[in-house]
4 protein chains.
Amino acid sequence: MTAATAAVKAALKEQSIETPSWAYGNSGTRFKVFAQPGVPRTPREKLDDAARVHAHTGVAPTVALHIPWDRVDDYAALAGYAEGLGLRLGTINANVFQDDDYRLGSVCHPDPAVRRKALDHLLECVDIMEATGSADLKLWFADGTNYPGQDDVRARQDRLAEALAEVYGRLGDGQRVLLEYKLFEPSFYTTDVPDWGTAYAHCLRLGEKAQVVVDTGHHAPGTNIEFIVAVLLREGKLGGFDFNSRFYADDDLMAGAADPFQLFRIMYEVVRGGGYGPRTAFMLDQCHNVEPKIPAIIRSVLNVQEATAKALLVDREALAAAQRDGDVLAANAVLMDAYSTDVRPLLAEVREETGLEPDPVAAYHRSGWAGRIAAERRSGQQAGWGA
Amino acid sequence: MTAATAAVKAALKEQSIETPSWAYGNSGTRFKVFAQPGVPRTPREKLDDAARVHAHTGVAPTVALHIPWDRVDDYAALAGYAEGLGLRLGTINANVFQDDDYRLGSVCHPDPAVRRKALDHLLECVDIMEATGSADLKLWFADGTNYPGQDDVRARQDRLAEALAEVYGRLGDGQRVLLEYKLFEPSFYTTDVPDWGTAYAHCLRLGEKAQVVVDTGHHAPGTNIEFIVAVLLREGKLGGFDFNSRFYADDDLMAGAADPFQLFRIMYEVVRGGGYGPRTAFMLDQCHNVEPKIPAIIRSVLNVQEATAKALLVDREALAAAQRDGDVLAANAVLMDAYSTDVRPLLAEVREETGLEPDPVAAYHRSGWAGRIAAERRSGQQAGWGA
Amino acid sequence: MTAATAAVKAALKEQSIETPSWAYGNSGTRFKVFAQPGVPRTPREKLDDAARVHAHTGVAPTVALHIPWDRVDDYAALAGYAEGLGLRLGTINANVFQDDDYRLGSVCHPDPAVRRKALDHLLECVDIMEATGSADLKLWFADGTNYPGQDDVRARQDRLAEALAEVYGRLGDGQRVLLEYKLFEPSFYTTDVPDWGTAYAHCLRLGEKAQVVVDTGHHAPGTNIEFIVAVLLREGKLGGFDFNSRFYADDDLMAGAADPFQLFRIMYEVVRGGGYGPRTAFMLDQCHNVEPKIPAIIRSVLNVQEATAKALLVDREALAAAQRDGDVLAANAVLMDAYSTDVRPLLAEVREETGLEPDPVAAYHRSGWAGRIAAERRSGQQAGWGA
Amino acid sequence: MTAATAAVKAALKEQSIETPSWAYGNSGTRFKVFAQPGVPRTPREKLDDAARVHAHTGVAPTVALHIPWDRVDDYAALAGYAEGLGLRLGTINANVFQDDDYRLGSVCHPDPAVRRKALDHLLECVDIMEATGSADLKLWFADGTNYPGQDDVRARQDRLAEALAEVYGRLGDGQRVLLEYKLFEPSFYTTDVPDWGTAYAHCLRLGEKAQVVVDTGHHAPGTNIEFIVAVLLREGKLGGFDFNSRFYADDDLMAGAADPFQLFRIMYEVVRGGGYGPRTAFMLDQCHNVEPKIPAIIRSVLNVQEATAKALLVDREALAAAQRDGDVLAANAVLMDAYSTDVRPLLAEVREETGLEPDPVAAYHRSGWAGRIAAERRSGQQAGWGA
């Protein structure tokens, strides 16, 4: 067990969870965006906040950007600024849903001029990847329709395929396009990439540099997400995750907050399927509508860490033996033994062994950062979804 | 059949569907609000638009107000303006969710000062009812929590009951409070009035002037809404509807657009349960995010009318006989005969008999109203959810 | 319109809907199977009943068999018997879920001996296809797990792929394997083919003779089935349908009974995507638990016919124009015009033009068949799911 | 903390979880009932098995009966037999769904003769309660309809109310009727008691001896069950639970297996609302389709125990303080601290302090009971849902 624990600790020390720049800014629902004190006003301030998360957790070294929310004149300078904070710029997220032209879609729009505009933005994002050193371009399309008959479902697939092919052709070596799917919202009748099957089919035609992103809040009720993870890993098509949690729809709550057992099962399939490592992008994508953002992100990182630790603790030999024997209860018990374990002491040890304080939340509160940014970031425009 | 048809026509001529002032303004999702040309900038302009809907359909004589979105200095004057357009002001809708104080709730907030502020707004709305001559106060609370443990679920019910009691005590003769429920959004863990049972329990304690509002988009997947309608009518607690339609969550699409058969079944239970008449408020509550607003509202009114016509056409004697005999297929066929009927010719006749053009959508397009408002309403701030 | 109507009528006369032998037998829920009078006791009696459905509707010329429920010594003789009734034997359905050995799965079972047994049954079914002249083998697997950890999700995919490959290798020219997916039931944690994506991925690896079957009751709540139909047609992978309807889960109600608008939208995508024709298998798969079986099947056939007629009536030129213009409401209206049409008179004409009575349900009741089989099929064992 | 732990231990020692006689028998889905070795053939053998569960867990002293599955000539003798095993007979469960007469319902059936038959059975169950010393009559009705129009939704409510009133009138002092609700299955369009609101409305009219039972598998997707628990406790109408777990519908898996965090949240609301005690019936109601029944029931009991222990461990003072402060993250963290605790050592201590072995599953396996019953119960008819 000591050897096993050592291996678990070693694996945990290699973990890398990417935080999204937009989660540091204000967000809300269609009913209201509640502003919070100390919210960053610039991409650099978002990086400052992200640096605090990494400083306390030790496992959040990269930050995802969202274009145009994080548009700057000099991306290399922004990358340098990140480096100075001990961070790296991560995935580039394109945005083709917040312009009036995109009312009926972007790359799937019936009007070729709108499609061209959207595609040009995607290509711009590839250019930005060069400047930032980002390896991944994440594409989420709000495209879809609200009413039966509104547009031709199949023609929209053709337009989508055409745009993806052009983006794919622009990718350099070591670059990937990660295609995200989502059941609904903001489109309410059809969504052009509504499920993993559609994303998979497109990625398959594109080639090896195209992979699927699983956002844990983007499924129909009852969908078994860990099954999708297992299948995508088997097909070599799991590109990464957007972690968050939900009770109902795309609630975008803190990862692990709504169903920690599900998060554990997902991480178990990641580990079992060989997906634990740098080829899988482990990203957060959540909205902190009512809670303070930095400690919420810390908490989310810890939740992913805890789920990972439990997944790594599963006695896979015992599990395989029980499965082989068809012993349903014994096999389930092996998995539940790991899940029932309180891994917080283990993670505290891991932190102390890497020079961190054992309790990141407490350390953050002691740091005085929240008070400092509330004082310093009074004037100016706070960052938000559309800012 | 002729006598039956005459009765159906007579019933259809008495129909009254209330349109909501906010549906004439811009709306959207948390991702984007797409602005449209010609959107009203003031409550009076919303009434102007509503007057067009009534002029073409003949069954939309009242308009619901939302406070503070429709706040004016002189409500009596606004009522007079409406009268001049052939309209009346309808239900008053309170808004206790768009102020920064309401981040953790309004009348259920842990802080008594916030609760007091919210309650004062509700009482102000009762005062406005006096001025506008409105009979109904509709209450929808965004209150709830996003995370387990965030607040005490039961204490919030106590606070809710206390606030409702004070509002109820302020109601005059002939006034009602209509309590709306909603499964989720904008709260994602608990909602303080999530289902009809909770709304019913509160209304029961309040008394006869408190009734439940059924918003057709506010249920869990698979919920049988017409069953709830039947039960609430049996209990004397159905206050009215917020009609809209949905494929997924509270999509707020045009009524009847997503599942016209469901709308028919709902209207059938209304008719069967004696709920077709002025004691039930038939309101629209929808968001026209991608389609032009006035013709979308006309279309929604027509969809409700068509469902009503079909419901009225059900041969209730034949249905009762088949039900009594336990003849499943015959009973289902009686219902489906009415649903399969194309009632558009009948409704065209009803319109012509009341001096209207037979096709309200075509008549609206011919009227030139859309072009006129697009030209006239260029400057100023367009109305929206929060405006 | 006359030319268009003539084309619609011609298309409707070519329609072919396959009825399933098992729907003529008793079925039920896990709580109770209610026996009905006159239920067939043998495969031949099922064909006798199917012949009545075809005699009255004119569009149900083939009957799907389920092995072993329809096992006979001489399949060629059974095919001859069908021919004598004006029928043909259709799809062969394998059954690897009703043997005690299959408690933990069939082709995905952890024990290779059980997998071999299941696979041998599938190969037997291919042999039966030769004897019956059936073109399609339909595979639905109840395989899955009930508890996290119970078995290795990914290993089960490997076992599934291995079995499918062996079956595929046995197919002759002009034969297809149709792979069905289902979200859940009878497995409650994982299902080995839970969604169209999984079925698609397997069919893709198998080759051109493998296609996906869409059972309209096998999806998560909120799934847009017509989207899946459009995508599968675009990929050349739509093999056919199992039609039935549902309000909640796999309720297996009469097709079109729960959501006739959805059935219309599905048929529209079939027509639009070029899937209306003999390459797509249009099958019913439903359970008549509380209603008499033969008239329920007739009703289901009529419901599919009506949805098809409406789909064929869509003015596709007008629709394409409105879609091209981004006119959301006009495009939706074109679709709804077709849906709102009462197509029963048109279908009555189609029947009379092909020598049938205009009302199949009435004709069936007049035929006296129900009374005759109730009298004749008193002794012996009635057919049911497991008989 | 020691005092707190002692209080928690004391509370855990008073826990009482009722196991259902039918869970010891074979069960399955509509597709297949897999027989297992050693399954009881008589009510006494079911009690023998239940005694093993209690012997190893110490918290399962009562057994629910299902009539007619557990019909015996002499209920007093059966009660005596139970007493000899250290058990008591618990809730009486009526069955008005497994007779051919009940095809279209029982107490809601359109035919008064069927209603009378069903009602007589319910009254018989009250008589049995006298003989067994049971305090509670649990009523679950499969009543409902499969097709729109099949029966009159509202008339069925009237019939239901009439039957419930007669049963209620027959109750003696200290007896209760517990009314269970269920969204769907085996009825697929309407269910006559589909939700807690309907059950609550009926119980309210009946009086104090009528309370609602919450079966954790009987809700629509996304329903917040702990909210219902909190509301019912506030209204004094929570009668008890049928514990089981589900990923999709009424899967009837082992309690706590699908979502242990939900079970914890439910138990927390029970504790917080004063519902932890003898007035709330904590019952299991599950089906062990693929796993051995006795150890599955032991596991379920342990899962409920663990959730209870965690709920009791919540630092309610700290929680109240954080809630009062509106500190979302701190409040959530207090709850999660308790949930993250590994309570297995604590429960092992509780067992050892009451003279039990620390690991009930291991103790059961060592006992040799499984082998003994497999050997002894070879001949005869095994008990099942309908036996």
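Here the structure is a predicted model, which means the values were calculated and not measured.

Procedures and definitions
- Residues numbered from 1 in each chain as written.
- Chains lettered and ligands numbered in written order.
- Predicted model: local features only at pLDDT ≥ 70, side-chain atom pairs only at ≥ 80, totals over all residues.
- Heavy atoms only, no water.
- Least-squares fit on C-alpha atoms with pLDDT ≥ 70 in both.
- Contact = heavy atoms within 4.5 Å.
- Buried area = accessible area lost by both parts, 1.4 Å probe.
- Salt bridge = Lys/Arg side-chain N within 4 Å of Asp/Glu carboxyl O.
- Polar contact = N/O pair within 3.5 Å; in protein donor to acceptor, adjacent residues only side chain to side chain.
- Helix = DSSP H or I, 4+ residues; strand = E, 2+ residues; numbered from the N terminus.
- Buried < 20%, exposed > 50% of the residue type's maximum accessible area, 1.4 Å probe, protein only.
- Pairing = 2+ DSSP bridges.
- Right-handed = clockwise from strand over helix to strand, strands pointing away.
- Axes fitted to C-alpha atoms, helices over the stretch in contact; angles between N-to-C directions.

(A) Looking closely at the relation of the copies chain B and chain C. Superposing chain B onto chain C requires a rotation of 180 degrees together with a translation of 0.0 Å along the rotation axis, leaving an RMSD of 0.0 Å. This pairing of chains is accounted for by a two-fold axis. Ranked by how close their C-alpha atoms come to the rotation axis, the residues of chain B are headed by B:Asp342, at 2.7 Å. The share of interface residues of chain B whose copies in chain C are also at the interface is 100%, consistent with both copies meeting through the same surface.

(B) Local environment of the interface of chain C and chain A. Counting residues at the interface gives 54 residues for chain C, matched by 54 residues for chain A. On the chain C side of the interface with chain A, the three residues burying the most area are C:Arg154, C:Phe227 and C:Arg234, jointly 17% of the side's total. Viewed at the interface, chain A and chain C are joined by six salt bridges. For A:Asp152, the salt bridge goes to C:Arg272, with nearest N and O atoms at 2.8 Å. If you look at where chain C meets chain A, you find 22 residue pairs in polar contact (both at pLDDT 80 or more). Taken together, the elements giving at least two residues each to the side of chain C that touches chain A come down to α5 (153-170), β7 (190-191), α6 (196-206), α7 (225-234), α8 (260-272), α10 (316-324) and α11 (328-340) of chain C. Ranked by residues supplied to the side of chain C that touches chain A, first place goes to α6(C) with eight residues.

(C) A look at the pairing of strand β9 (residues 238-243) of chain C. Residue and element names in this part refer to chain C. With six of six residues buried, β9 is to be regarded as a mostly interior element. With four bridges connecting them, strand β8 (residues 210-215) and β9 associate as parallel partners. In the sheet register, Val212 faces β9, and the bridge partner there is Leu238. In the classification by handedness, the crossover that spans β8, the intervening α7 and the parallel β9 is right-handed. Taken together, the four bridges between β9 and strand β10 (residues 281-284) define a ladder with parallel strand orientation. Among the inter-strand pairings, Asp242 is bridged to a residue of β10, identified as Met283.

(D) Fine view of the sheet that holds strand β1 (residues 19-20) of chain D. Residues and elements named next belong to chain D. Taken in spatial order, the eight strands line up as β1-β2-β3-β4-β6-β8-β9-β10 in an open sheet, and their pairing is parallel. Looking at strand neighbours, the two that pair on one side only are β1 and β10 (281-284), the edges of this open sheet. Running over the sheet, helix α4 (residues 112-132) touches β2 (62-67), β3 (88-94), β4 (136-139) and β6 (176-180) and is turned about 175 degrees from β3.

(E) Quick look at unusual backbone geometry. In the segment running from A:Glu185 into A:Pro186, the intervening peptide bond is cis, with an omega of 10 degrees. With respect to the secondary-structure elements, A:Pro186 resides in the loop between β6 (176-180) and β7 (190-191). One non-glycine residue, B:Asp252, adopts positive backbone phi at about 60 degrees. Mapped onto the elements, B:Asp252 comes out in the loop between β9 (238-243) and α8 (260-272). Overall, the relative accessible area of 3% leaves B:Asp252 in the buried class.

(F) Summary view of the interface of chain B and chain C. The partner chain C presents 30 residues to the 30 residues of chain B that form the contact. Both faces considered, chain B and chain C share a buried interface measuring about 2,200 Å² in area, 57% of it formed by carbon and sulfur atoms. At the junction of chain B with chain C, the criterion picks out three residue pairs in polar contact (both at pLDDT 80 or more). For the side of chain B that touches chain C, the secondary structure elements donating two or more residues are α8, α9 (293-313) and α11 (328-340) of chain B. Among the elements that make up the side of chain B that touches chain C, the one with the highest residue count is α11(B) (eight residues).

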